[in-house]
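# Structural characterization, general
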Amino acid sequence: MMNFKLAQLRKQNNLTQQELGDVLNVSYQTISKWESGVVYPAISMLPQISSFFGISVDALLGLTPLEQEYISSNSGVSEYWDKRFEYLQRTRKSFWNEDYLRFLINDVWKIDSPINVLDCGCGFGALGLLIMPMLPEGSKYVGIDFSKELVNAAKSIYSGLDIDAVFICDDIMNFDTVKKYDMVISQAVLRHVDDGEKMLQKMIGMAKQNGIVISIECNREFESCGLYVKGMDYQALCQHDGLEKLWKTELEKQNRDYSISMKVPHYMKKAGLRDVACRMNDKVTFLEPEQEDYSEILNSIIKADHWDDSKTERETDENILYFMNHGMSRKEAEEYCSQQNGIVRYLKKHEGEVALTKVGGMMISYGWK
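A quick note: this is a predicted structure, and the numbers were derived from the prediction, not measured.

Scoring rules and cut-offs
- Residues numbered from 1 in each chain as written.
- Predicted model: local features only at pLDDT ≥ 70, side-chain atom pairs only at ≥ 80, totals over all residues.
- Heavy atoms only, no water.
- Salt bridge = Lys/Arg side-chain N within 4 Å of Asp/Glu carboxyl O.
- Helix = DSSP H or I, 4+ residues; strand = E, 2+ residues; numbered from the N terminus.
- Buried < 20%, exposed > 50% of the residue type's maximum accessible area, 1.4 Å probe, protein only.
- 1 Å grid on protein atoms, 1.4 Å probe; cavity = no way out; pocket = protein on both sides within 12 Å on 5 of 7 lines; lining within 4 Å.
- Points joined across faces, edges and corners; volume = space filled by probe spheres on them.
- Axes fitted to C-alpha atoms, helices over the stretch in contact; angles between N-to-C directions.
- Parallel < 35°, antiparallel > 145°, perpendicular 65-115°, else oblique.
- Contact = heavy atoms within 4.5 Å.
- Nonpolar A, V, L, I, M, F, W, Y, C, P; charged D, E, K, R; others polar.
- Left-handed = near helix turned anticlockwise from the far one by under 90°.
- Expected span 1.5 Å × (residues − 1).
- Phe/Tyr/Trp six-rings, centres within 6.5 Å; stacked < 30°, edge-to-face > 60°.
- Lys NZ or Arg CZ within 6 Å of the ring centre and 35° of its normal.
- Pairing = 2+ DSSP bridges.

## Description of the pattern of salt bridges
Opposite charge on two side chains allows them to pair when their charged atoms are near. A full pass over the atoms with the stated rule returns 17 salt bridges. Measuring nitrogen to oxygen at the nearest pair gives 3.1 Å for the salt bridge that ties E86 to R90. In this pair, E86 and R90 are both assigned in helix α7 (residues 85-92), 4 residues apart and thus about one turn of the helix distant. For E86, a relative accessible area of 42% puts it in the partly exposed group. Judged by its relative accessible area of 18%, R90 falls in the buried class. Among the ionic contacts, a cluster of salt bridges with common partners joins R191, R220 and E223.

Dropping the structure here:
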């Protein structure tokens, strides 16, 4: 007897028989008959059904396990970041209000003498460009990143600057050094690695006694509710039930922790750091058309969030299958893609008059060794 998996797949994807019938252009009664085994779909329909659920025909027929091989997120490999220089340039522009960063350095961390800084996962050195001019004269900066392209970009950018900086191309987890640093810092890195706590422990190990360890990480829940576009439904923009399933799956399958920003101060305390504390970055992007730098800021946001063009049908199908592999139901994946394409269409339709508020939800955790 055939072990047809249609009912199980439909329920896993939170679809009614009517909804699935609409997709396949058959009645809900036909779906019911297929599921109960009264009749089965024509062989010619099996590829369409299996493709919709992102599985093989063999899995649909119960000949192989339903669970597909998990496709790991690739943002933890150097090849991914080799192509992300422009993305990093655009996103890092909106990370900080400089007066708040200066306040942290001077009044919270109380850095009043030259220090040696190690920036873990430095990219093209964006954080160093901000903090080094704020630190006492004589401070030195070392940036380490596993992307050869980003390290080369950093060397080129810093070559004409009066900053004492050295860049190392290496995976921080494999980096061996006897040198210890007064400040060990990372920005938007732990969320992209498998086992962020292990990397944090590595950072702590490279800090001097009485040195400070700082982790700056985005809270994904905050970020997902951090966009308002004037004229669009804010509640609809905040919908991210599917993303929560994706984050849960990535945590279970590869220890990629979307909630790492909330846990870092506890990991710091567990590792023995003292005076551990946590703050929120106060940066909020408020954008209206009459602002002087309106076009530049909006274009950076659009490029950074991939809102410059709607996805083709093929690209959308590929994204849907990836999202389903990472825990979303078909419906959730389709709704998320539709939400993103809806933003693209709105921005194009209202070009030159878009107004928005955007907050990243960056959390700053720190403690002393």
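## A look at the environment of Q8
One can find Q8 in helix α1 (residues 6-12). Remark: the alpha-carbon pair of Q8 and L66, spanning 58 residues in sequence, is separated by 9.6 Å.

## As for empty space enclosed by the protein
Across all of its chains, the model carries 1 cavity of 30 Å³ or more by this definition. Within this model, the largest cavity holds a volume of roughly 30 Å³. If you trace the largest cavity, you find it lined by L101, I105, W109, I131, M183 and I185. Put simply, the parts of the chain that give the lining of the largest cavity at least two residues each are α8 (98-108) and β4 (181-187).

## Quick notes on the packing of helix α2 (residues 17-24) against helix α3 (residues 28-36)
For the pair α2 and α3, the least separation of the axes is 8 Å and the interaxial angle reads 105°. One finds that α2 runs roughly perpendicular with respect to α3. Touching Q17, Q18, L20, G21 and L24 of α2 are Y28, I31, S32, W34 and E35, all from α3. Taken together, the residues of the contact of α2 with α3 sort by class into 5 nonpolar, 4 polar and 1 charged.

## Observations regarding the packing of helix α11 (residues 196-205) against helix α15 (residues 260-270)
At their nearest, the axes of α11 and α15 sit 10 Å apart, and the two run at 45° to each other. As the angle between them shows, α11 and α15 are arranged oblique. As for the relative orientation of α11 and α15, their crossing is right-handed in sense. Residues G196, E197 and L200 of α11 form the contact with α15, whose own contacting residues are I260, V264, Y267, M268 and K270. Of the residues assigned to the contact of α11 with α15, the class counts are 5 nonpolar, 1 polar and 2 charged.

## Brief notes about helix α18 (residues 330-349)
If you check α18, its first and last C-alpha atoms are 28 Å apart, about what 20 residues at 1.5 Å a residue would give, namely 28 Å. Here the buried face of α18 lies against α4 (46-53), β6 (227-229), α13 (234-238), α14 (241-254), α16 (294-304) and α17 (313-325).

## Comments concerning α7
Of all the positions in α7, only L88, R90, T91 and R92 are classed as buried. Where α7 is buried, its residues touch α6 (78-82), α9 (126-131), α10 (148-158), β4 and α16.

## Considerations on the packing of aromatic side chains
The full count for this structure, using the stated rule, is 14 aromatic pairs. Following the ring pairs from residue to residue traces out a cluster consisting of W109, Y366 and W368. One residue, R84, lies across the ring of Y87, its end atom 4.2 Å from the ring centre. The ring centre of Y181 lies 5.4 Å from the NZ or CZ of K179, which sits over that ring.

## Comments concerning the pairing of strand β8 (residues 284-287)
Of the two faces of β8, the one holding T285 and L287 is buried and the one holding V284 and F286 is not buried anywhere. Across 4 bridges, β8 lies against strand β9 (residues 356-359) in antiparallel orientation. Considered in β9, the bridge of F286 is made with T357.

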